[in-house]
Amino acid sequence: NGGAHASNNLDIQEFMIVPIGFEHFKDALRAGCEIYHSLKRILSSHSYSVSVGDEGGFAPNLSSEDEAIELILSAIKTSGYTTDNVKIALDIASSEWVKGSKYFLPKAKVELSSDDLIEKWKRLVNSYPIISIEDPLGEEDYSAWQKCTSEIGKDTVLVGDDLFVTNERRLKYGIENGLGGAILVKPNQIGTLSEAIDVIRLAKDKGYYTIISHRSGETDDTSIADIGAGCGTELIKTGAPCRMERAAK
């Protein structure tokens, strides 16, 4: 965890693993848990903090986002897995950085343009086994979303959260204009189960991946797991296998 989800020095909000190369869900979950605990041991061996952020992820101060990814890759290897079956995903939450026509990264204290951000994501995608990037650009920065989708969207799935806000109208606009390739679905973000299901149906019909998701503030309610299974979403995003409100799902 970084960004608004943690009080460390990382501007990117989430660094995640995606255990995709498993036939059964139980094996993917086991891999996720084993890698999580390997990461804790690795962080401890470097004398880094192992306190957790809002969604159960570790939140140490690190030298860069590259170091965060390298530590996760080390945990994958230490746990006996490879990047053939466990990939990396990022949640940038870049709408938090929007300042006029630019982006201001508050922890790094750096101002970047849309093109600068796209180049930054291109470098990371070319350097690491990153399978998806959530909200790489601001929710209203449509032309930059188009460019980013065109330049890295073939190999890396660009996920719209703030971009689509589980809203059918916004998803239709994104589909028509080539924005991203997946939608994060948060049922209580749109307000009704019917609307959430309509969004999932539209996304699937148009070839967009669907990811059922928790929220930053959570309870131990597990409804999203049932919705994800019932609607056949490709992925579920629940946070780290750590805190009760995350692990329950």
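The rules behind the values
Position numbers for residues start from 1 in each chain and track the written sequence from start to end. Note on the predicted model: pLDDT of at least 70 is required for a residue's local features to be given, and 80 or more for side-chain atom pairs to be given and counted; whole-chain, interface and lining totals, by contrast, use all residues. Side-chain measures were taken over the full set of non-hydrogen atoms in the model, leaving aside hydrogen atoms and water. What counts as a salt bridge is simple: a side-chain nitrogen of Lys or Arg found within 4 Å of a carboxyl oxygen of Asp or Glu. Per the convention used, a helix needs a DSSP run of H or I reaching at least four residues, while a strand needs a run of E reaching at least two, with both numbered from the N terminus. Think of it in three bands: with a 1.4 Å probe and only protein chains considered, a residue is buried below 20% of the maximum accessible area for its type, exposed above 50%, and partly exposed in between. Two N or O atoms count as a polar contact when they lie within 3.5 Å, although within protein this holds only if one can serve as hydrogen donor and the other as acceptor, and sequence-adjacent residues are included solely when both atoms are side-chain atoms. The criterion for strand pairing is that DSSP finds at least two bridges linking the strands in question. Two residues qualify as a contact provided that any one of their heavy atoms is within 4.5 Å of a heavy atom in the partner residue. Angles run from 0 to 180 degrees between N-to-C directions of axes, and those axes are lines fitted to C-alpha atoms, restricted for helices to the stretch in contact.

A.B. asks: How do you make sense of the pattern of salt bridges when you look at a structure like this?
C.D. replies: Applying the stated criterion across every chain yields a total of 16 salt bridges. Residue Glu140 is joined to Arg170 by a salt bridge in which the shortest nitrogen-to-oxygen separation is 3.7 Å. Note that Glu140 is positioned in the loop between β6 (130-134) and α4 (142-152) and Arg170 in helix α5 (residues 168-176), a separation of 30 residues in sequence. Note that Lys249 is salt-bridged to Glu218, the shortest N-O span being 3.3 Å. Residue Lys249 is found in the segment after α9 (244-247), and its partner Glu218 is found in the loop between β9 (209-213) and α8 (223-231); the two are separated by 31 residues along the sequence. For Glu218, a relative accessible area of 27% gives the class partly exposed. Where salt bridges share partners, they join Glu14, Asp91, Glu134 and Lys237 into one cluster.

A.B. asks: Explanation requested: the environment of Asp198 in the structure shown.
C.D. replies: Structurally, Asp198 is set in helix α7 (residues 193-205). Here Asp198 falls in the partly exposed class, since its relative accessible area comes to 32%. Within the structure, the side chain of Asp198 is placed 3.2 Å from the side chain of Arg201, a separation counted as a polar contact.

A.B. asks: Even after reading the chapter, I still don't get the pairing of strand β7 (residues 157-160), so can you show me in this structure?
C.D. replies: Walk down a regular strand and you will see the side chains alternate between the two sheet faces. Pairing of β6 with β7, which is carried by 3 bridges, proceeds in the parallel orientation. Looking at β7, one finds that Ile133 is bridged to Leu158. In this sheet, strand β8 (residues 182-185) lies alongside β7 in parallel orientation, the contact comprising 2 bridges. Of the residues in β8, the one forming a bridge with Val159 is Ala182.

A.B. asks: Sorry if this is basic, but what is going on with the sheet that holds strand β4 (residues 102-105) here?
C.D. replies: Two pairing modes exist for strands in a sheet, parallel and antiparallel, and in both the strands are linked by backbone hydrogen bonds. Read from one edge of the open sheet, 3 strands run β3-β4-β5, paired in antiparallel fashion. Strands with a single pairing partner mark the edges of an open sheet, and in this sheet they are β3 (98-99) and β5 (110-112). The sheet strands contacting helix α3 (residues 114-127) are β4 and β5, and the helix crosses β5 at an angle near 100 degrees.

A.B. asks: What's the story with the sheet that holds β6 in this structure? I'm lost.
C.D. replies: Strands sit in the order β1-β2-β6-β7-β8-β9-β10 across an open sheet of 7 strands; the sheet is mixed. In the strand order of this sheet, the two ends are held by β1 (14-19) and β10 (235-237), each with one partner. Averaged over all adjacent pairs, the angle separating strand axes in this sheet is 25 degrees, with direction ignored. Relative to β6, strand β2 (residues 86-91) is paired through 4 bridges, and the arrangement is parallel. Opposite Ala89, over in β6, you have Ser132 as the bridge partner. Strands β1, β2 and β6 of the sheet are contacted by helix α2 (residues 65-78), whose axis makes an angle of about 30 degrees with β1.

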